[in-house]
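Structural features, examined
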Amino acid sequence: MSGIVVIGTGPAGHRLVTRLRRHDGTAAVRVIGAERRPAYNRVLLTDVLAGRLRPGQLELPAHDGGVRVHQGVTALGIDRRGRLVHTDDGRVHGYDRLVLATGARPVLPVLRGLLRPDGGMAEGAAAVRTLADAARLPGEGPAVVLGGGVLGVETALALRRSGRDVVLVHRNRRLMNRQLDDRSADLLAGQVRSEGVVVECGRRVRAFAPGRVLLDDGRTVPCAALLVCAGVRPVTGLARTAGLAVRRGVVVDGLLRTSDPRIHAIGDCAEYDGTVAGRVTAAWDQADTLAALLTGGTGHYRGTPPATRLRGPRPELAVIGRPDASGAETVLLSDSERYARLVLDAGGRLLGGILFGLPEAAAAAGQHYAHGLPLPPARLAFLLGTRPVRTAPARPADDLVVCHCNIVTRGQLAAAWRSGSTSAAQLVAATRATTGCGGCLAEITEFSRELAGDGAA
Amino acid sequence: MIRTLVVVGFGMAAHRLLDRLCAEDSGHSWRVVVLSEEPRPAYNRIALSSYLAGCEAGALSLPSGAILGSPRVDVQLGRAAVRLDRARRTVTADDGTAYRYDALVLATGARASVPPVPGHDLPGCFTYRSLADAEAIRAAAAFSPGGGAVVVGGGLLGLEAADGLRRLGLGPHVVERAPHLMPAQLDADGARLVERLVGAAGLRAYCGRPLLAVEPYRRGLLRVRLADATVLDAALVVFSSGVRPRDELAAAAGLATAERGGCLVDAACRTEDPRIFAIGDCAAVEGRSYGLVTPGYRMADAVAGQLLGRPEVFTYSGPVTRLKLPGVDVAGFGDTHALTPGALQISYRKRQAGHHIYAKIVLDKAAETLLGGILVGGAAARSPLPALLGQKLPSPVEELLP
């Protein structure tokens, strides 16, 4: 039997299969998944860690009966010539089209005591990637989160909000250093600290032992659970062994084809246009495009605009596009608790942005970004979500100071003009304007022209 | 009854005071003695760079006809005050004459403060404070056309001095110990754009590198060493690295001075001795000295008012600073560093039509009232924003940018 074989039951694989069956109810689909449990929503894993959700509540809807799912089965190899997949239960699955949705695996830092001699992780330590990881961790006692990226920050906050003592250790001096600039990272660290998380930036964990970790400054921190959030690496072994083109991820084109046109790759294992997106929104976009293509439709994947929003009610932090891009215009807004960086092109379209504590603006900016729309010219009003005010009189008020050295107002200049000082030089003599620093000479000249024009009219 | 006012100093602040008194003392209640150390009447010190660049000294003079022509004002040019005797209420001039006062206004100004590095007093080193300084610099520059020059101090005055030197035909370098130019007025982003714009105009800036030493080099040349081992050759070195209030007369008479110098006065510009006032750069109003002409004028106004029986105090909302170099427009006004509690700041860095513009606007918590700002590039000098300081913005701030 052949048809479509999907390896992987993560968000990418699950979305693909769901869409395939929706587009074509007769599509023959088989799914091979290494995890022993049905597909689930990985994004909510931190809620399980925090005890807010039970593992079962993460389960994604089961596929219909027309989909054959092999759970707890690992693919061992691909025979491209024979178009066969060999699995560890001794079976062989023929395919017309094969989809790799093998995802990514956590990066484990080199750290004394983290691994057992057999290569597994020591008791009390786990990555934050799978439900199995979550199940390994003690449900109480002080926790240390290793890695201050998006997942690390979310994990630390979730654990803290469940009442645990949490230390967040990050090697860079800025939290989420790949997304944030100095100011936003400072605000984030402040917010995370204000919730009671101890933040240790610019620090590394040197060793782990049951009950404690050793920091690189020599301090020991109590630790019932060590959560490793140090990034992920695409799972590409199967593709590599099969001779497919692999760089960081399995290389795919706009039709999501690997170097073998019968084999596709989507999600965290796929590399498109030089990047492995590593975000669930990209996985969904890729799954949707591929589902259309495999069921006779058209489509072309062109990348998914990067956008990150920290989960949870606080802090309101959104990162859009490439905030470190260089654009024609950069707008920075800040006060004691809010911050925005917007990078715009010459047409006022957003190239990247960071928004902290500005939820409405973050949502609006995300929309403008996704649709490539220029931002309204009143940037401040846009960021604060206020309506641009316009109370301007047709010209500045009479009490506006023109010469700051001598405190000469427009009203005084106009009065002097009416009393007969009808040239710039005479205005200067009459009011002493410009005789201080002289910086207002151009304004006086301009203003005298304006007054002369009024007289003529 | 006619009382005697003695004014020590005849700079811009004293000029303002005398101008007001002459115009407003209709009851002829004051006779005035002015002791002016400089041999010329008050001139526009802020325009020194245009003198450097070649304009006539006369163009700098402040209109003093009414003061010099008044029968009630005795201006003693080239006469320094050397002693103040509060018990006898006299000021003694350097020719030994003692002048008795009913009221005394100290307007002694400030002197350039020169970093005490080795070689700071070599021939070819100049301060930049008075017309005499500028004359000496101009004369020295005439001997070294096309030579290099080093200006120590990247503040407003230093940049203007450097531009004056450039217009004299020298190739000026600006050395600033702070990490960026104009640290008193600008933030790093604004200063970076200023550095770029003045760079395009021919001024090379070396920031974040303190001066180590000035050394004699080949015949008539100096060599300037910076902390990072940079070496600059210069025909002349101009120090524009800050000023120090001249408070010696007051201090010797037992009057209090501020921690960082300056005659300590209250909000009415009065020292602890009720007959003695201090105004301008030599004054520290409630402990703070300004070193800018506008607050100096405000102090003069306050004292003129009091001498004429009006209870006036010094008020000052914040500086408006303008840098006047060709191709470089800079305006800084109000709370440029957003120090007001709750202040919100928004900055714009733009490239438009080949021009670079930087603007930082400081608003109150409600984002309605303008507290300050920095404008660099474009037509910064013509933005209406500085004039709106302290007011509610009448239209979206973006429409008011240069």
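The rules we used
Residues numbered from 1 in each chain as written. Chains lettered and ligands numbered in written order. Predicted model: local features only at pLDDT ≥ 70, side-chain atom pairs only at ≥ 80, totals over all residues. Helix = DSSP H or I, 4+ residues; strand = E, 2+ residues; numbered from the N terminus. Rg over C-alpha atoms; globule rule 2.2 N^0.38 Å. Buried ≥ 20, exposed ≤ 12 C-beta atoms within 10 Å, placed from the backbone. Contact = placed C-beta atoms within 7 Å. Domains from an automatic or database assignment. Pairing = 2+ DSSP bridges. Axes fitted to C-alpha atoms, helices over the stretch in contact; angles between N-to-C directions. Core = buried A, V, L, I, M, F, W, Y, C linked by C-beta atoms within 7 Å. pLDDT = per-residue confidence, 0-100. Nonpolar A, V, L, I, M, F, W, Y, C, P; charged D, E, K, R; others polar. Left-handed = near helix turned anticlockwise from the far one by under 90°. Expected span 1.5 Å × (residues − 1). Arc of directions from axis to C-beta. Right-handed = clockwise from strand over helix to strand, strands pointing away. Parallel < 35°, antiparallel > 145°, perpendicular 65-115°, else oblique.

A word on the overall build of chain B
Looking only at helices and strands, chain B features 8 helices and 25 strands. For 402 residues, the compact-globule estimate of 2.2 N^0.38 gives 21 Å, and the C-alpha radius of gyration of chain B, at 22 Å, lies within 12% of that figure. Across its three principal axes, chain B shows a C-alpha extent of roughly 65 × 60 × 35 Å. Buried positions account for 50% of the 402 residues belonging to chain B. Intrachain contacts of chain B at a sequence separation of at least 6 include 60% that bridge at least 24 residues.

Quick look at the domain arrangement of chain A
When its domains are assigned, chain A resolves into domain 1 (4-104 + 233-294), domain 2 (125-230), domain 3 (316-384) and domain 4 (401-456). On a C-alpha basis, the centroid separation for the pair domain 2 of chain A and domain 4 of chain A is 64 Å.

Overview of the sheet that holds strand S4 (residues 75-79) of chain A
All names here are of chain A. Pairing is antiparallel in the open sheet, where 3 strands are placed in the order S4-S5-S6. Of all strands in the sheet, those bounded by a partner on one side alone are S4 and strand S6 (92-94). Neighbour-to-neighbour, the strand axes of this sheet turn through a mean angle of 20°, independent of strand direction. By the bridge criterion, 4 bridges tie S4 to strand S5 (residues 84-87) in an arrangement that is antiparallel. Across the sheet, the residue bridging to Ala75 is Thr87, located in S5.

What about the pairing of strand S15 (residues 220-223) of chain A?
Residue and element names in this part refer to chain A. Two strands pair when backbone bridges link them, and strand S14 (residues 211-215) and S15 are joined in this way by 4 bridges, in the antiparallel orientation. In the sheet register, Gly211 faces S15, and the bridge partner there is Cys223. In this antiparallel pair of consecutive strands, S14 and S15, the connection spans 4 residues, and Gly218 shows a positive phi of 95°.

Remarks on the sheet that holds strand S6 (residues 98-100) of chain B
Either a parallel or an antiparallel arrangement is found when strands of a sheet pair, and the pairing is made through backbone hydrogen bonds. Residue and element names in this part refer to chain B. Reading across the sheet, the 3 strands line up as S4-S5-S6 and stay open at both edges, with antiparallel pairing between neighbours. Only two strands of the sheet have a single partner each, and these edge strands are strand S4 (81-85) and S6. In this sheet, neighbouring strand axes are inclined to one another by 25° on average, regardless of whether the strands run parallel or antiparallel. Relative to strand S5 (residues 90-93), S4 runs antiparallel, the two being bridged by 4 bridges. By the bridge assignment for S5, Leu84 is matched with Val91.

Remarks on the nonpolar core
With 224 residues, the main nonpolar core has Leu106 and Ile279 of chain B as its most contacted residues. Sequence-distant contacts of Leu106 of chain B, that is, excluding residues within four places in its chain, are made with Val8, Leu249, Ala250, Cys263, Ile276, Phe277, Ala278 and Cys282 of chain B. Residues Leu20, Val29, Val31 and Tyr95 of chain A belong to the second largest nonpolar core, which totals 46 residues.

Structural notes on the confidence of the model for chain B
Looking at chain B as a whole, the pLDDT averages 90, with 99% of positions reaching at least 70. Here the predicted complex scores 0.78 on pTM and 0.77 on ipTM.

Digging into the domain arrangement of chain B
Residues and elements named next belong to chain B. In terms of domains, chain B is made up of domain 1 (3-111 + 243-307), domain 2 (125-239) and domain 3 (320-400). Here the C-alpha centroids of domain 2 and domain 3 sit 27 Å apart. It is helix H6 (residues 188-200) that provides the largest number of residues to the side of domain 2 that touches domain 3, a total of 8 residues. Counted by class, the side of domain 2 that touches domain 3 contains 9 nonpolar, 2 polar and 5 charged residues.

A word on the packing of helix H1 (residues 12-24) of chain B against helix H8 (residues 293-307) of chain B
Residues and elements named next belong to chain B. Put simply, H1 and H8 touch, their axes get as near as 8 Å, and they point 35° apart. When the axes of H1 and H8 are compared, the crossing they make is right-handed. Side by side, H1 and H8 meet where Met12, Ala13, Arg16, Leu17, Arg20, Leu21 and Glu24 of the first sit next to Val293, Gly296, Tyr297, Met299, Ala300, Asp301, Val303, Ala304 and Leu307 of the second. Here the residues of the contact of H1 with H8 sort into 11 nonpolar, 1 polar and 4 charged.

Observations regarding helix H7 (residues 280-294) of chain A
All names here are of chain A. For H7, built from 15 residues, the straight-helix expectation of 21 Å at 1.5 Å per residue is met to within 8% by its first-to-last C-alpha distance of 21 Å. For H7, the full list of buried residues reads Ala282, Ala283, Asp285, Gln286, Ala287, Thr289, Leu290, Ala291 and Leu294. Tucked inside the fold, the buried residues of H7 contact strand S1 (4-7), helix H1 (11-23), strand S7 (97-100), strand S19 (263-265) and strand S20 (270-272). Of the residues flanking the end of H7, it is Gly296, one or two places downstream, whose phi is positive at about 85°.

What to know about unusual backbone geometry
Residues and elements named next belong to chain B. Positive phi, close to 50°, is recorded for His28, a residue that is not glycine. Along the chain, His28 turns up in the loop between H1 and strand S2 (30-36). In this structure, Ala229 takes a positive phi of about 80° despite not being glycine.

Some details on the environment of Val397 of chain B
Residue and element names in this part refer to chain B. Mapping Val397 onto the fold places it in the segment after strand S25 (370-376). Taking the C-beta count within 10 Å as the criterion, Val397 has 22 such neighbours and is therefore assigned buried. Sequence separation between Val397 and Gly58 is 339 residues; the distance between their C-alpha atoms is 41 Å.

Side note on helix H10 (residues 410-418) of chain A
What sets the pattern is the α-helix's 3.6 residues per turn: residues three or four places apart point alike. All names here are of chain A. Among all positions in H10, only Arg410, Gln412, Leu413, Ala416 and Trp417 are buried. Angularly, the buried residues of H10 cover 165° about the axis, an arc narrow enough to put them on a single face. Positive backbone phi, at 115°, marks Gly420, one or two positions downstream of H10.

Considering the pairing of strand S11 (residues 166-170) of chain A
All names here are of chain A. Among the 5 residues that make up S11, 5 are buried, leaving the element largely enclosed by the rest of the structure. Along S11, one buried face is formed by Val166, Leu168 and His170 and the opposite face, lined by Val167 and Val169, is buried too. Sheet topology places strand S10 (residues 143-146) next to S11; 4 bridges connect them, and they run parallel. Among the inter-strand pairings, Ala143 is bridged to a residue of S11, identified as Val166. Taken together, the 4 bridges between S11 and strand S12 (residues 198-201) define a ladder with parallel strand orientation. Across the sheet, the residue bridging to Leu168 is Val199, located in S12. In this fold, S11 hands off to helix H5 (residues 182-194), which returns the chain to S12; that crossover is right-handed.

What about the environment of Cys403 of chain A?
All names here are of chain A. Within the secondary structure layout, Cys403 lies in strand S26 (residues 401-403). Take Cys403: there are 27 C-beta atoms within 10 Å of it, and that puts it in the buried class. Taking the C-alpha atoms as reference points, Cys403 and Leu441, separated by 38 residues in sequence, lie 8.5 Å from one another.

With respect to the packing of H1 of chain A against H7 of chain A
Residues and elements named next belong to chain A. In the contact formed by H1 and H7, the axes pass within 8 Å of each other and the chain directions differ by 30°. By the angle class used here, H1 and H7 are roughly parallel. Every pair of crossing elements has a handedness; the one defined by H1 and H7 is right-handed. Taking contact as the criterion, the partners of Pro11, Ala12, Arg15, Leu16, Arg19, Leu20 and His23 in H1 are, on H7, Val280, Ala283, Trp284, Gln286, Ala287, Asp288, Leu290, Ala291, Ala292 and Leu294. Each residue belonging to the contact of H1 with H7 can be placed in one class, and the counts come to 12 nonpolar, 2 polar and 3 charged.

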